[in-house]
Amino acid sequence: MKTLIGALLAVLLIPALALGEDKPVRQNKVEFDLVTTGQRLDVFRTAGPQYTKAEPLSWEAFTKNPFDYARMWTPFPEDEYLPSRIAKALEVVTLTASAPACDMAPRVLFIRGADGGYHLYAFEFNVCDATGRLTPAEMIQQYIAKYGVFDGKDYDRQMIVYRNVKTQYAVGARPVTLEGNRTALTVTVADMNTLKRALRSWRLALSTAEAVVKNDF
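Residues numbered from 1 in each chain as written. Predicted model: local features only at pLDDT ≥ 70, side-chain atom pairs only at ≥ 80, totals over all residues. Heavy atoms only, no water.

**Student:** Hey, could you run me through the state of the cysteines in this one?
**Tutor:** A covalent bond bridging the sulfur atoms of two cysteines is what the word disulfide describes. Inspection of every chain in the model, using the stated rule, returns 1 disulfide. Each disulfide pairs two cysteine sulfurs, and for C102 the partner residue is C128, the sulfurs being separated by 1.9 Å. Here the S-S torsion is close to -85 degrees, and the disulfide linking C102 with C128 is therefore left-handed. In this pair, C102 sits in the loop between β3 (91-96) and β4 (107-112) while C128 sits in strand β5 (residues 118-128), placing the two residues 26 residues apart along the sequence. With relative accessibility at 13%, the residue C128 sits in the buried group. (Disulfide = S-S within 2.5 Å. Helix = DSSP H or I, 4+ residues; strand = E, 2+ residues; numbered from the N terminus. Buried < 20%, exposed > 50% of the residue type's maximum accessible area, 1.4 Å probe, protein only.)

Given below as C-alpha cells:
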C-alpha cells in the first residue's frame, strides 16, 4: 500500500515540478550597431537623421488589424493586461529607413510613457548571406543552430519566435529576399521591460488622476 501511495505521489509531483521550472534564458543577439532598446526618440533621431518619422498612433490603432503582417511585429508581455483606455493612450511612433538593405535596421518603434517621453521598444535588423550560397530555409536553420530550438512560430509571418531572451526580450527571425536577390534574415527585437515601464506609467497616471478627482467631489 505504501509503495502504491508513493508511486501516486511521484506521478503527481512530476508535473508540479515541471510547471515550477524556470524557462530557459535565451542569449540571442539583441543589439545592432548603435541601435539598442530604451533609447530616447530625440537622441535616436539626432544620430539617425536618415529615418523618416511616421505620425504617432495609439497602440489600439497600430495593432487594430491583426492580419496586417506588413506592419512591425509587436509582441505583448504574457504577464500583462492592457485595458482599453490605456491602449488608446499608449502611443507608438515608427521610424523607417528609405529602403531595406543588408546590415541595417530598416524600422524602429518607439513607445510613449505617461510623462510624454518616447523610448525605443522594438527594432528590426537585416543580416544577409555574404556568400550567396544559402537559401532562406538554410539561413533559418543556421539561426536555430546558433540559438537553439525556438519557442513558437508565427506561420503567417514565416517567423520563428524566441521568448525570455536575456529575461526581458522577445526575438523573431524570418527569411527575406532583398534587392539584388540577396538572401537575408530580418530579426526583430522587442524589449518587454520598455513596454512594461510605459504601461505602468500610464496606470499610475490614471490612478493618480482618479484620486485627484475624488478629492474634488
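**Student:** Looking at this model, I keep getting lost on the packing of aromatic side chains. Mind explaining?
**Tutor:** When we look at a pair of aromatic rings, we describe it by the centre distance and by the angle of the planes. Considering all chains together, one arrives at 9 aromatic pairs under this definition. Measuring from centroid to centroid gives 6.5 Å for F67 and Y69, while their planes differ by 80 degrees, and the two rings are edge-to-face. Taking the relative accessible area as the measure of exposure, F67 reaches 61% and is therefore exposed. Geometrically, the ring pair formed by Y143 and Y147 is tilted, given 4.8 Å between the ring centres and 55 degrees between the ring planes. Within this pair, Y143 and its partner Y147 are both found in helix α5 (residues 136-147), separated by 4 residues, close to a single helical turn. Taken as a pair, Y143 and Y147 share a single burial class, namely buried. By the ring-pair criterion, three or more aromatic residues cluster together here, those being F32, F123 and F125. Cation over ring: K29 sits above F125, and NZ or CZ is 5.4 Å from the ring centre. (Phe/Tyr/Trp six-rings, centres within 6.5 Å; stacked < 30°, edge-to-face > 60°. Lys NZ or Arg CZ within 6 Å of the ring centre and 35° of its normal.)

**Student:** When you look at the environment of I140 in this model, what are you seeing that I'm missing?
**Tutor:** Considering the arrangement of structural elements, one finds I140 in helix α5. A relative accessible area of 11% means that I140 is categorised as buried. Between the C-alpha atom of I140 and that of R40, which follows or precedes it by 100 residues, the distance is 32 Å. The contact partners of I140, leaving out residues within four places of it in the chain, are I160, A173, R174, P175 and L185. (Contact = heavy atoms within 4.5 Å.)

**Student:** Explain the pairing of strand β9 (residues 182-191) here, please?
**Tutor:** Here is the key point about a regular strand: its side chains alternate between the two faces of the sheet. Here β9 lies mainly inside the structure; 9 of its 10 residues are buried. Where β5 lies against β9, 7 bridges are found, and the strand directions are antiparallel. Along β9, the bridge assignment pairs C128 with A184. As paired elements, strand β8 (residues 169-178) and β9 share 10 bridges and run antiparallel to each other. Considered in β9, the bridge of A170 is made with A190. (Pairing = 2+ DSSP bridges.)

**Student:** I tried to follow α5 on my own but got confused; where do I start?
**Tutor:** Note on helix geometry: an α-helix contains 3.6 residues per turn, so any two residues three or four positions apart are oriented the same way. In this model α5 runs 17 Å from its N-terminal to its C-terminal C-alpha over 12 residues, within 8% of the 16 Å that 1.5 Å per residue would give. At its buried positions, α5 is contacted by β5, β7 (159-165), β8 and β9. Of the residues trailing α5, G148 is marked for its positive phi of about 95 degrees. (Expected span 1.5 Å × (residues − 1).)

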